[in-house]
Amino acid sequence: MDTTVLIIGAGPVGMTLAHKLTAYGCKVRIIDKNQGPTKLSKALVIWQRTLEVLDSTFDARRLIDHEHAYDVHGVLFQTPTEKLGEVDLKDSEGELPTGIFIPQSATEQVIVEKLKEQGVEIERGNELVSFEQSDDTVVSLIKDQNGETHSITSSWIVGADGAHSQVRHGLKLPFEGNTIERRWLLADISIAEEQNPHFMQAYFSEEGLVGFFPIGQNRWRVIIDGGEAERKGAPSQAEIQTILRTRAGNKWKIEESFWLSEFNINERIVPQYQVGRVFLAGDAAHVHSPAGGQGMNTGMQDAMNLAWKLALAQNAKDHHPLLKTYHEERHLIGERVVAETSQMIHMAMVHHPLVRRLREFAMRHITRTKWFNQTM
């Protein structure tokens, strides 16, 4: 054996798995075809449950106290002309915050530092070509940055290599679900007027939804319902500014843009998270709407669930009953997250005038109730 577990993909999910396995005494190698961690903000929220499960082996304060992290306090629902309601998400009873806003680039930086302390180096510029599994091992063919190939023999491999997973393709698993035929716009911007960095904000208008997610002081991620199904390419800063002025008023003046993009929303999940000695986790297994900020959290919790089971299984004569619970437990969670985020995004996409008015009426009243705040 070259290693007990080979992890494909060094995003937050793969790195969380590598950290947990190492903490539990399991030998790991982790490869990634990219030359370095992301420099983009990408996933912005780490929720309380992720912090809790990390905290058993990884001091969650390293993330909570990060210079770019802000505790989640709530959500503001608005129209261009009025405030509809406010949801309080603060947890006065928990030792950890309900969640933190922190850019994925910072999250990855913190986990990379932890891996280095554990003696784990990410093998950058290495890409999975193919793999073959037997009763006892998996042999993976790897291509390095020079185009040369070599093999790695392991007891198991885990595909944490994203929505276009080479591991999933190698297993020939279908990615079941659908694509919402609608154009969505993304902008990572700094603004002139200071806004509360502890609150998400959602604006509803005749033209469509605009969501604002804090990345730090005066810096925000903006998600916009672009309406048309046909993709046109990345928007310009001027296009984003016009939409913000129309749908959210005059207090969102852009000073600088750092990332402008467009995307479609896919809602998909694999039928099996495990095939023999090969596992899938994170976006390799499930993708869905960004509503609720659940994607990275669900993937990191996949990794935490799988890690302790693999660590125990490495010394077990019959590990199959334990390992099969990974699919049984996490596939159920994945299905629920895909369904719930789909409901949230479809509610936000409502354009019928009557339904919009009903939605706004409901928000004015339901957000004032203790039940709704606790449920959220």
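Heads up: the structure comes first, above all this text.
Caption draft 1: Geometry of the overall build of the chain. Tallying secondary structure elements over the chain gives 10 helices and 19 strands in all. For 376 residues, the compact-globule estimate of 2.2 N^0.38 gives 21 Å, and the chain sits close to it at 21 Å. Seen through its C-alpha atoms, the chain measures out along the principal axes to roughly 65 × 45 × 35 Å. Long-range pairs, those at least 24 residues apart, make up 73% of the contacts in the chain between residues at least 6 apart in sequence. When the accessible surface of the chain is summed, it comes to about 17,200 Å², and 49% of that surface belongs to carbon and sulfur atoms. The distance from the centre of the 40 positive side-chain charges to the centre of the 49 negative ones in the chain is 3 Å.

Caption draft 2: Representation of the sheet that holds strand β13 (residues 199–203) in the model. One open sheet accounts for 8 strands, arranged β6-β5-β13-β14-β15-β12-β16-β19; its pairing is mixed. Each having just a single partner strand, β6 (83–88) and β19 (286–287) make up the two edges of the open sheet. Here 6 bridges tie strand β14 (residues 210–216) to strand β15 (residues 219–225), and the two strands are oriented antiparallel to one another. Bridge pairing in β15 places Phe-212 opposite Val-222.

Caption draft 3: Spatial organisation of the sheet that holds strand β7 (residues 99–101). Strands sit in the order β3-β7-β4 across an open sheet of 3 strands; the sheet is antiparallel. Among the strands making up the open sheet, the edge pair consists of β3 (45–47) and β4 (70–71). Two elements, β3 and β7, share 3 bridges in a ladder whose sense is antiparallel. Bridged to Val-45 within β7 is Phe-101.

Caption draft 4: A look at the pairing of strand β12 (residues 176–191). Note that β12 and strand β16 (residues 254–269) share 13 bridges and pair antiparallel. Of the residues in β16, the one forming a bridge with Ile-180 is Ile-265. Relative to β15, β12 runs antiparallel, the two being bridged by 7 bridges. Counted as the bridge partner of Ile-189 is Trp-220 from β15.

Caption draft 5: How the structure looks around the packing of helix α1 (residues 12–23) against helix α4 (residues 104–117). Relative to each other, α1 and α4 sit at 25 degrees, their axes nearing to 10 Å. As far as their axial angle goes, α4 and α1 are roughly parallel. The handedness of the crossing between α1 and α4 is left-handed. Here Pro-12, Met-15, Thr-16, Ala-18 and His-19 of α1 lie close against α4, whose contacting residues are Gln-104, Glu-108, Ile-111, Val-112, Lys-114 and Leu-115. By residue class, the composition of the contact of α1 with α4 is 6 nonpolar, 3 polar and 2 charged.

Caption draft 6: Inspection of the nonpolar core at higher detail. Val-5, Leu-21, Leu-63 and Leu-310 are the most contacted members of the largest nonpolar core, which totals 66 residues. Each residue touching Val-5, except ones within four places of it in the same chain, is listed here: Leu-21, Cys-26, Lys-27, Val-28, Arg-29, Trp-156, Val-158 and Leu-310. Core analysis: the next-biggest nonpolar cluster, separate from the first, contains 27 residues, Val-72, Ala-202, Phe-263 and Ile-345 among them.

Caption draft 7: Layout of the side chain of Arg-330. One can find Arg-330 in helix α8 (residues 320–348). Taking the relative accessible area as the measure of exposure, Arg-330 reaches 8% and is therefore buried. A polar side-chain atom of Arg-330 sits 3.2 Å from the main-chain carbonyl oxygen of Thr-298. Once residues within four sequence positions are removed from consideration, Arg-330 is found in contact with Tyr-273, Thr-298, Gln-301, Asp-302 and Asn-305.

Caption draft 8: Highlighting the pattern of salt bridges. All chains considered together, the criterion is met by 14 salt bridges. If you follow the salt bridges from partner to partner, you end up with Arg-183, Glu-239 and Glu-262 in one network.

Caption draft 9: Representation of a nonpolar patch on the surface. Residues Tyr-24, Trp-308 and Leu-312 make up a contiguous nonpolar surface patch of about 300 Å² in total accessible area. Inspection of the secondary structure assignment puts Leu-312 in helix α7 (residues 295–313).

Caption draft 10: The packing of α7 against α8, seen in detail. Two elements in contact, α7 and α8, have axes whose closest approach is 9 Å; the angle formed by their N-to-C orientations is 175 degrees. By the angle between their directions, the pair α7 and α8 is classed as roughly antiparallel. The segment α7 lies against α8, with Thr-298, Gln-301, Asp-302, Asn-305, Leu-306, Trp-308, Lys-309, Leu-310, Leu-312 and Ala-313 engaging Leu-322, Leu-323, Thr-325, Tyr-326, Glu-329, Arg-330, Ile-333 and Val-337. Within the contact of α7 with α8, the residues separate by chemical class into 10 nonpolar, 4 polar and 4 charged.

Caption draft 11: Looking closely at α7. Here α7 is 19 residues long and its end C-alpha atoms lie 27 Å apart, about the 27 Å a rise of 1.5 Å per residue gives. Among the 19 residues that make up α7, 15 are buried, leaving the element largely enclosed by the rest of the structure.

Caption draft 12: Region of interest: the pairing of strand β5 (residues 74–78). The element β5 is largely enclosed, with a buried count of 5 among its 5 residues. Where burial is concerned, the two faces of β5 agree: the one with Gly-74, Leu-76 and Gln-78 and the one with Val-75 and Phe-77 are both buried. Where β5 lies against β6, 5 bridges are found, and the strand directions are antiparallel. Paired with Leu-76 across the bridge in β6 is Glu-86. Count of turn residues in the β5/β6 antiparallel hairpin: 4 residues. Where β5 meets β13, 5 bridges bridge the pair, whose relative direction is parallel. Pairing of Val-75 across the sheet is with Met-200, part of β13.

The rules behind the values
- Each chain has its residues counted from 1, following the order in which its sequence is written.
- Two thresholds apply to this predicted model, a pLDDT of at least 70 for residue-level local features and 80 or more for giving and counting side-chain atom pairs, whereas whole-chain, interface and lining totals are computed over all residues.
- The side-chain figures draw on all heavy atoms in the structure; neither hydrogens nor water molecules are used.
- Helix numbering and strand numbering both begin at the N terminus, where a helix is a DSSP run of H or I of at least 4 residues and a strand a DSSP run of E of at least 2.
- Radius of gyration here uses only the C-alpha atoms, and the compact-globule reference equals 2.2 Å multiplied by the residue count raised to the power 0.38.
- The criterion used for residue contact is that any of the two residues' heavy atoms lie within 4.5 Å.
- Surface accessibility follows the Shrake-Rupley procedure with a 1.4 Å probe radius. Residue values consider only the protein chains on display as shielding.
- Neither His nor the chain ends is counted toward charge; the positive residues are Lys and Arg and the negative residues Asp and Glu.
- Charge coordinates come from a single atom per side chain, which is NZ of Lys, CZ of Arg, CG of Asp or CD of Glu.
- A pair of strands is considered paired only if DSSP assigns at least 2 bridges between the two.
- Axis angles are defined between N-to-C directions and span 0 to 180 degrees, where every axis is a line fitted to C-alpha atoms and, for a helix, only to the segment in contact.
- Angle categories are assigned with fixed cut-offs, so that under 35 degrees is roughly parallel, over 145 is roughly antiparallel, 65 to 115 is roughly perpendicular, and the rest are oblique.
- Handedness of a helix crossing follows the sense of rotation of the near helix relative to the far helix, less than a right angle counterclockwise being left-handed and clockwise being right-handed.
- Any residue that is not Ala, Val, Leu, Ile, Met, Phe, Trp, Tyr, Cys, Pro, Asp, Glu, Lys or Arg is counted as polar, Gly included; the first ten are nonpolar and the last four charged.
- Nonpolar core, defined: a set of buried Ala, Val, Leu, Ile, Met, Phe, Trp, Tyr and Cys residues in which side-chain atoms within 4.5 Å join the residues together.
- Any residue under 20% of the maximum accessible area for its type is buried, any over 50% is exposed, and the rest in between are partly exposed; the area is computed with a 1.4 Å probe on protein chains only.
- We call two N or O atoms a polar contact when they sit within 3.5 Å, provided that within protein one can donate a hydrogen and the other can accept it, with sequence-adjacent residues counted only if both atoms are side-chain atoms.
- Within this document, salt bridges are pairs made up of a side-chain nitrogen of Lys or Arg and a carboxyl oxygen of Asp or Glu, the two lying within 4 Å of each other.
- Patches draw on residues past 30% relative accessible area with no salt bridge. Two like charges within 9 Å are joined, as are two nonpolar side chains (Val, Leu, Ile, Met, Phe, Trp, Tyr) within 5 Å.
- One less than the residue count of a helix, multiplied by 1.5 Å, gives the span that helix is expected to have.

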